[in-house]
Amino acid sequence: MFAVTVMFEIKAQHVQDFLPLMTANAKASLKEEPGCRQFDVCCNPAKLHEVFLYELYDDEAAFRAHLLTRHFKVFDAKVASMVANKTVQTFTQVIQ
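Here the structure is a predicted model, which is why all the values come from computation and not from measurement. (Residues numbered from 1 in each chain as written. Predicted model: local features only at pLDDT ≥ 70, side-chain atom pairs only at ≥ 80, totals over all residues. Heavy atoms only, no water.)

Draft legend 1. Spatial organisation of the packing of helix H1 (residues 15-32) against helix H3 (residues 70-79). Relative to each other, H1 and H3 sit at 170 degrees, their axes nearing to 9 Å. Classified by the angle between their axes, H1 and H3 sit roughly antiparallel to one another. The chirality of how H1 crosses H3 is left-handed. Note on element contacts: H3 touches H1 through His71, Phe72, Phe75, Lys78 and Val79, opposite Phe18, Leu21, Met22, Asn25, Ala28, Ser29 and Glu32. In terms of residue class, the contact of H1 with H3 is built from seven nonpolar, three polar and two charged. (Axes fitted to C-alpha atoms, helices over the stretch in contact; angles between N-to-C directions. Helix = DSSP H or I, 4+ residues; strand = E, 2+ residues; numbered from the N terminus. Parallel < 35°, antiparallel > 145°, perpendicular 65-115°, else oblique. Left-handed = near helix turned anticlockwise from the far one by under 90°. Contact = heavy atoms within 4.5 Å. Nonpolar A, V, L, I, M, F, W, Y, C, P; charged D, E, K, R; others polar.)

Draft legend 2. Structural view of helix H2 (residues 60-67). Within the sequence span of H2, burial applies to Ala62, Phe63 and His66. Buried positions in H2, seen along its axis, are confined to an arc of 100 degrees and lie on one side of it. The inward-facing, buried residues of H2 contact strand S1 (2-10), H1, strand S2 (36-44), strand S3 (47-57) and H3. (Buried < 20%, exposed > 50% of the residue type's maximum accessible area, 1.4 Å probe, protein only. Arc of directions from axis to C-beta.)

Draft legend 3. Examining the sheet that holds S3 more closely. The antiparallel open sheet is built from four strands, whose spatial order is S2-S3-S1-S4. Strands at the two margins of the open sheet, each flanked by one partner only, are S2 and strand S4 (83-91). Taken over all neighbouring pairs, the strand axes of this sheet differ in orientation by 15 degrees on average, direction set aside. Pairing between S2 and S3: eight bridges, direction antiparallel. Bridged to Cys43 within S3 is Val51. Most of the contacts of H1 go to S2, to which it runs at about 165 degrees, and overall it touches S1, S2, S3 and S4. (Pairing = 2+ DSSP bridges.)

Draft legend 4. Quick look at the environment of Gln93. Looking at the element boundaries, Gln93 is found in the segment after S4. Once the C-alpha coordinates of Gln93 and Phe2 are considered, the two residues, 91 residues apart in sequence, prove to be 7.0 Å apart.

Set out below in structure tokens:
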């Protein structure tokens, strides 16, 4: 398994616009990508501008394929101006 975490800091004026786009991307990833096993979108009600993702893929190749999908590219382009900061981490050792 290959795990990916992403921490988004969303510009305050875009919080309400960002979540539906993020949710649609997560659902499309799970539905259309055979190598995507889990895609959790996590929000803290006390910090609505922070959105945390936890994604599990079969392997790094499946994650790289995710980055090339149409739904990801559309999502990424739409939210680019909404994001103040984004931190991505990957983990190759996943113990379940």
